[in-house]
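Breakdown of the fold
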Amino acid sequence: MQTFYFTDPGKVRSHNEDSVTIISNDRNEFVLAVADGMGGHKAGEVASAIAIEHIRESFYMLETMGTKEDAIDWLRLIVKEINEKIFEYADRNPESKGLGTTLVIAIRTNDYILYGNIGDSSGYVIKNNTLHKVTKDHTYVGMLLTNGRLTEESAKNHPGKNLLTRALGANDPIEIDIFDIDNSVKGLFLCSDGLTNMLTDEQIEKTLNSDLPIEETVVKLIKKANSRGGTDNISIAYLKKESGDK
């Protein structure tokens, strides 16, 4: 497997509220995660860091992800624990009230792939050189799309596009949407909305299908997003299957 992740503040924001990671163990099990914090300086970045650090700590405490059912239970548990940690931080630091974070996470083992998300950071898979979005945004516009009250075209510039309906630190109890993915996909691709607000899925797909090394591919996507305005922090986590990988 080839993996690479990167985060960039973009061209407008003075600080970066995103956090991102890719972690693995000696059983060829991978976890990718992107968290996009909200709440302003010293708040959003804290929330996203709490999420990613808790995922890392919890993963490294496991000997293995276990069965698919075990992994689903783990996802639900860590989300509950992250949510509690963020609320506890807000209680101890009243000036940070309103902090929260999105989360998109992927688990890949030799036997299964799972995606989970809260908020509007996106999870994609690459199959037959085509990019497919797996996750569904927890936004006002996402709700209108699901209910058939809005078309994909009219959703692109809707004023409620970034109005979250679900986020860690904002909802209690919290629920994570979980998706069971075909294990034959070629790549896993996670990103914050700093990328998807600047580039279309078609533009992302074209770059992913280039012959560049994985590191250069990720950096090129971030440069493209910045060249189109870079209005938000941009984070990417990318796993690419090599020939011969199970």
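Since this is a predicted model, take the numbers as computed values, not measurements. (Residues numbered from 1 in each chain as written. Predicted model: local features only at pLDDT ≥ 70, side-chain atom pairs only at ≥ 80, totals over all residues. Heavy atoms only, no water.)

Considerations on helix α6 (residues 201-208)
All buried positions along α6 are accounted for by I204, T207 and L208. End-on view of α6: buried residues confined to an arc of 100°, all on one side of the axis. Exposed and facing more than 90 degrees away from the buried side of α6 are E202 and K206. Buried positions along α6 lie against β7 (122-127), β8 (130-133), β10 (187-191), α5 (193-196), α7 (214-227) and β11 (234-240). (Buried < 20%, exposed > 50% of the residue type's maximum accessible area, 1.4 Å probe, protein only. Helix = DSSP H or I, 4+ residues; strand = E, 2+ residues; numbered from the N terminus. Arc of directions from axis to C-beta. Contact = heavy atoms within 4.5 Å.)

Thoughts on the sheet that holds β8
Strand order in the open sheet formed by 5 strands is β1-β11-β10-β7-β8, and the pairing between neighbours is antiparallel. Two strands close off the open sheet at either side, each with one partner strand: β1 (2-8) and β8. For this sheet the average axis-to-axis angle between neighbouring strands, irrespective of direction, equals 15°. The sheet contact formed by β7 and β10 spans 5 bridges and is antiparallel. By the bridge assignment, I126 is partnered in β10 with G187. (Pairing = 2+ DSSP bridges. Axes fitted to C-alpha atoms, helices over the stretch in contact; angles between N-to-C directions.)

Structural notes on the packing of helix α1 (residues 44-60) against helix α2 (residues 68-92)
Running from N to C, α1 and α2 cross one another at 140°; their axes reach a closest spacing of 10 Å. Compared by their axis directions, α1 and α2 come out oblique. The crossing of α1 and α2 is right-handed. Side by side, α1 and α2 meet where V46, A47, I50, A51, H54, I55, S58 and F59 of the first sit next to W74, I78, E81, I82, K85, I86 and Y89 of the second. (Parallel < 35°, antiparallel > 145°, perpendicular 65-115°, else oblique. Left-handed = near helix turned anticlockwise from the far one by under 90°.)

Here's the deal with the pairing of strand β2 (residues 18-24)
If a strand is regular, its side chains alternate between the two faces of the sheet. Among the 7 residues that make up β2, 6 are buried, leaving the element largely enclosed by the rest of the structure. As judged from the 7 bridges shared by β2 and strand β3 (residues 30-38), these two strands associate in the antiparallel manner. Bridge assignment links S19 to a residue of β3, and that residue is A35. As consecutive antiparallel partners, β2 and β3 are separated by 5 residues, and within that stretch N28 has a phi angle of approximately 65°, a positive value.

Honestly, it's all geometry; don't read function into it.
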